[in-house]
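Close look at the chain arrangement
Residue strings, one per chain:
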Amino acid sequence: MEVATHGRDAAEDRLRAAITRGEMPPGHRMVEADLAEDLGVTRNAVRLAIDALIAEGLVERIPNRGARVRTVSVAEAIEIVECRTVLEGLLAAKAAERITDAEIDRLRTQTDAMERAVADGDLLEYSALVAQLHALIRDAARQATAGRLIERLQAQIVRHQFQLSLRPGRARLSSTELHRVVEAIAARDPRAAEAAARSHLQSVVAALAESTAH
């Protein structure tokens, strides 16, 4: 039983990561036999992993056609970011209350790396660094429930956010906004940190909404 559970968990983690990184794009068919062979687990483990990802909203089953990576519309992405706005604000405030000096150093090192990636025009690297920054803030906040909720929401819209980062000037604006979040957390000012985090996510909502107007 323990081996079966491990296989399911391993398959779930690897499939979630592949979807989050865009290796399995929206609409990608998930063939259980092929995945079981690729992942080195049983078909039952893959089936259970897919069921878990369906519960998270990452995958959907189509009658008579099997499972596929779910396509998230821009309208739904906006709703997801609106939910994240509240949760990210909470995490930023908690991080400001609970952060250690060592964690502040890590956040600042991360924003420095983000600025270099923007300057170099390396948007793939920038997107990865942003994801890491959010993870560092979640760790500093020590609010596990909000952190888990955000991870599930974020996985559904990672493709939309990467596409936003490709817009001229968007990555630089995002970097500036996130720098403000980090500095408010570093100042241990919960109200300013929450406001900065909310402002950043509201900017993302506005950018997504703008994409539907064209």
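We now turn to the structure provided with this report. The structure presented is a predicted model; accordingly, all values stated were derived computationally and were not measured.

Before going further, it helps to examine the overall build of the protein. Scanning the protein for helices and strands turns up nine helices and three strands. Put simply, the protein runs from its N terminus to its C terminus through helices and strands in the order α-β-α-α-β-β-α-α-α-α-α-α. Here the protein has a C-alpha radius of gyration of 18 Å; the compact-globule value for 214 residues is 17 Å, and the two agree. Principal axes of the C-alpha set define a box for the protein whose edges measure 50 × 45 × 30 Å. For the protein, the proportion of its 214 residues judged to be buried stands at 42%. Accessible surface, the protein: about 11,300 Å² in total, of which carbon and sulfur atoms supply 52%. In the protein, 29 side chains carry a positive charge and 32 a negative one; their mean positions are 3 Å apart.

Before going further, it helps to spend a moment on the layout of surface pockets. If you add up the space inside the largest pocket, you get close to 1,300 Å³. Around the largest pocket, the lining is made up of 47 residues, and of these Thr 20, Ala 131, Gln 154, Val 158 and Gln 161 lie nearest the centre. Secondary structure elements with two or more residues in the lining of the largest pocket: α1 (2–20), α6 (123–141), α7 (144–165), α8 (170–186) and α9 (190–212). Ranked by residue count, the leading element in the lining of the largest pocket is α7, at 14 residues. Across the lining of the largest pocket, the residue classes break down as 22 nonpolar, 14 polar and 11 charged.

What counts, and where the lines are drawn
- Residues numbered from 1 in each chain as written.
- Predicted model: local features only at pLDDT ≥ 70, side-chain atom pairs only at ≥ 80, totals over all residues.
- Heavy atoms only, no water.
- Helix = DSSP H or I, 4+ residues; strand = E, 2+ residues; numbered from the N terminus.
- Rg over C-alpha atoms; globule rule 2.2 N^0.38 Å.
- Buried < 20%, exposed > 50% of the residue type's maximum accessible area, 1.4 Å probe, protein only.
- Areas by Shrake-Rupley, 256 points an atom, 1.4 Å probe, with all protein chains shown as cover.
- Lys, Arg positive; Asp, Glu negative; His and termini not counted.
- Charge placed at Lys NZ, Arg CZ, Asp CG, Glu CD.
- 1 Å grid on protein atoms, 1.4 Å probe; cavity = no way out; pocket = protein on both sides within 12 Å on 5 of 7 lines; lining within 4 Å.
- Points joined across faces, edges and corners; volume = space filled by probe spheres on them.
- Nonpolar A, V, L, I, M, F, W, Y, C, P; charged D, E, K, R; others polar.

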